[in-house]
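The primary structure of each chain is shown beneath.
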Amino acid sequence: MTSDPDPFPICTGLKRAVAWHTLACICRQTPDLGLRIVETHPGGGQYDCLSLALMPDCATLCSFNLGGTSLLIGQPVGRRRPGRTWGDDPDATVWRYNQHGLGRDRDELARDIEAWLGFPERSEGEPRRTPTTLAYAVIGELLDRVALGTKKVELRSGWRDSSGMEGSRERTWTQQLPALAGMEPGVEWQVRCEAASRYWSLTRGADQHDPAVVVDALTTEVWVHGAPRASLLERYKRGDGVRAMAWVLERSLDVGA
């Protein structure tokens, strides 16, 4: 993954919003492939990335480097479709934000990644909404809202990947959450990764040990300062839209439990 200096630096919050929406779009279009957004730190932990992983093996398929300018794409999982790529080299695996500009439609970028990775062609019509894609949509809406704001929001996964998936661990705040509570220490790392990566924390500031809000992307359950709240799916069934739910999460960051 490139570490070349970016001549047109872009704030991390905006990169995160673009990366999250792009990966969330891919997950929504392919709900049966077992895809999940994860946080990774490859290169011995020197990169901070949002990545797309294939479960249950936790295999990283592509990674947006939030501290740099690159998108690293791995080996296709199917037959790579021709005609959709970026850059002058059709075999290039690095996409630079400043080459295409942030005005590029994120759905188009998602389509390019899907084609490169050999995902099935999209079917006609709107894809079905799953609990995970609903949770991703609400988090993405929140990230859009705060991307250029002065009150920064930190987003962290419950799986703390430090230098590639093996040798990594769960974050401490996940220990009492349903998927991790009671899990034996000797369980293989892929099982722990799949369990912990479903949780995402949202905080103001850098303190990640006691997050203000935690969202379970598998069930849409929400905790605010450790107390359970109505799930996003429950709110959705009551008629709340994605924007309204994102506002509820953002407000929870400031007013507490």
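See the structure above.
Note that the structure is predicted; figures quoted are calculated from it, not measured.

A. Quick peek at the packing of aromatic side chains. All told, the structure shown has 3 aromatic pairs when counted by the stated rule. With centroids separated by 5.0 Å and ring planes inclined at 90°, the aromatic side chains of W20 and W200 adopt a geometry described as edge-to-face. Of this pair, W20 sits in helix α1 (residues 12-29) while W200 sits in strand β8 (residues 199-204), placing them 180 residues apart in sequence. Here the aromatic residues W20, Y136 and W200 are joined through ring pairs into a cluster of three or more. The ring of W116 has R80 lying over it, and the distance from NZ or CZ to the ring centre is 4.1 Å.

B. Representation of the side chain of N65. Along the polypeptide, N65 turns up in strand β3 (residues 59-65). Residue N65 is classed as buried on the basis of its relative accessible area, which comes to 3%. For N65, the side chain forms a polar contact with the main-chain nitrogen of G67, separated by 3.2 Å.

C. Quick look at the side chain of R81. Within the secondary structure layout, R81 lies in the loop between β4 (71-73) and α3 (97-100). Using a relative accessible area of 19% as the deciding quantity, one classes R81 as buried. A polar side-chain atom of R81 sits 2.2 Å from the main-chain carbonyl oxygen of F119. With residues up to four places along the chain from it excluded, the contact list for R81 reads R111, E114, A115, F119, P120 and E121.

D. How the structure looks around the pattern of salt bridges. Applying the stated criterion to the full structure yields 19 salt bridges. Here R145 and E250 are joined by a salt bridge, their closest N and O atoms 2.8 Å apart. Placement of R145 in helix α5 (residues 131-146) and of E250 in helix α8 (residues 242-255) is noted, with a sequence separation of 105 residues between them. Overall, the relative accessible area of 39% leaves R145 in the partly exposed class.

About the thresholds
Residues numbered from 1 in each chain as written. Predicted model: local features only at pLDDT ≥ 70, side-chain atom pairs only at ≥ 80, totals over all residues. Heavy atoms only, no water. Phe/Tyr/Trp six-rings, centres within 6.5 Å; stacked < 30°, edge-to-face > 60°. Helix = DSSP H or I, 4+ residues; strand = E, 2+ residues; numbered from the N terminus. Lys NZ or Arg CZ within 6 Å of the ring centre and 35° of its normal. Buried < 20%, exposed > 50% of the residue type's maximum accessible area, 1.4 Å probe, protein only. Polar contact = N/O pair within 3.5 Å; in protein donor to acceptor, adjacent residues only side chain to side chain. Contact = heavy atoms within 4.5 Å. Salt bridge = Lys/Arg side-chain N within 4 Å of Asp/Glu carboxyl O.

Geometry only, nothing functional implied.
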